[in-house]
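For reference, the chains in residue letters:
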Amino acid sequence: MRSATYLSEEIRSNIIKTYLLHEHRKLRMLDTNVHRQIIRYATDRLFRSGMDHVEDYIAAKDPGSYIDSLELLKRWELFHYVSYGLFFKELWLCVGHPKFEWTFNDRLPLSRCIFETRVGGWKDILHKKPTYDQVLQYAEQHKEDIFKMVEKEYIRSADGCEKDPVIGTISRRMVLVHDGNGRVLKKISKILRGQDRDDSISAFIGEPNRKPGREDLQAFTRLKKEVFLTKKFNFGYKTEELWYDRKNLVSDHR
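What this report covers is the structure whose coordinates are included nearby. (Residues numbered from 1 in each chain as written. Predicted model: local features only at pLDDT ≥ 70, side-chain atom pairs only at ≥ 80, totals over all residues. Heavy atoms only, no water.)

## Some remarks on the overall build of the chain
Working step 1: Looking only at helices and strands, the chain has ten helices and seven strands in total.
Working step 2: Buried residues in the chain amount to 50% of all 254 residues.
Working step 3: A separation of at least 24 residues holds for 74% of the contacts in the chain among residues at least 6 apart in sequence.
Working step 4: Total accessible area on the chain is roughly 13600 Å²; 46% of this is exposed by carbon and sulfur atoms. (Helix = DSSP H or I, 4+ residues; strand = E, 2+ residues; numbered from the N terminus. Buried < 20%, exposed > 50% of the residue type's maximum accessible area, 1.4 Å probe, protein only. Contact = heavy atoms within 4.5 Å. Areas by Shrake-Rupley, 256 points an atom, 1.4 Å probe, with all protein chains shown as cover.)

## A closer look at the pairing of strand β5 (residues 200-207)
Working step 1: Across the eight residues that make up β5, a large majority, seven, are buried.
Working step 2: Where strand β3 (residues 166-171) lies against β5, four bridges are found, and the strand directions are parallel. Directly across from Val 166, in β5, lies its bridge partner Ala 203. (Pairing = 2+ DSSP bridges.)

## Some points on the pairing of β3
Along any regular strand, the residues point their side chains to alternate faces of the sheet.
Working step 1: The buried count for β3 comes to six of six residues, which makes it a mostly enclosed element.
Working step 2: Of the strand pairs in this sheet, β3 and strand β4 (residues 174-179) are connected by five bridges, and their pairing is antiparallel. Pairing of Ile 170 across the sheet is with Val 175, part of β4.
Working step 3: In sequence, β3 turns back onto β4 through a hairpin of two residues, with Arg 172 there showing a positive phi of about 55°.

## Describing unusual backbone geometry
Working step 1: Phi is positive for Arg 172, close to 55°, though the residue is something other than glycine.
Working step 2: Inspection of the secondary structure puts Arg 172 in the loop between β3 and β4.

Dropping the structure here:
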């Protein structure tokens, strides 16, 4: 049964709920017309026709209770539809993989962080996966640009968003941040302004050292068929495989 597999682990449930609450705080700041637009994009991206529970989640006045009310598979479905469908974050590759073991660190040193993408304030950094030190050095050299960008891009962030844990995986003893660039950038701007002296963040950290049992693998297979993508999607400039071989996935995160 799925309830006895890795899908029901308390730490993964916490990751899913924390992530969905974080995104809900941002979504509620947007106009309903924007909601309809991004849901339409998500429907095309996910090859799905029904997104009713995503609409219900966005409209929920008490999103925590709504998330708790969902059956296990529906909760995973909502997590994937929001993280990948609405925001194009491939968190299903780690949070949804049974070979990842998850822990929570409420004081992860920023110096241990590297970043998966060069978005926002550090999109002009030449390094493919910049370290925190490289990002900080860049920010120090472009302070005014960073301050303006943070004020413009993150002014709509709802209360509490910047304190939510980031999500990352172990990569050569560092933590590769998959979700949370904006929070880190906002923290950097506060550090540079002298408004914050704490050089740590809270984080959910995954490491591919878990040994899944037979029922875990069966649940994982079902999840890939019923929730996660296994098709190819044409982005206009290239075609990418949206489900990666498990061996490549795990070896890439060591």
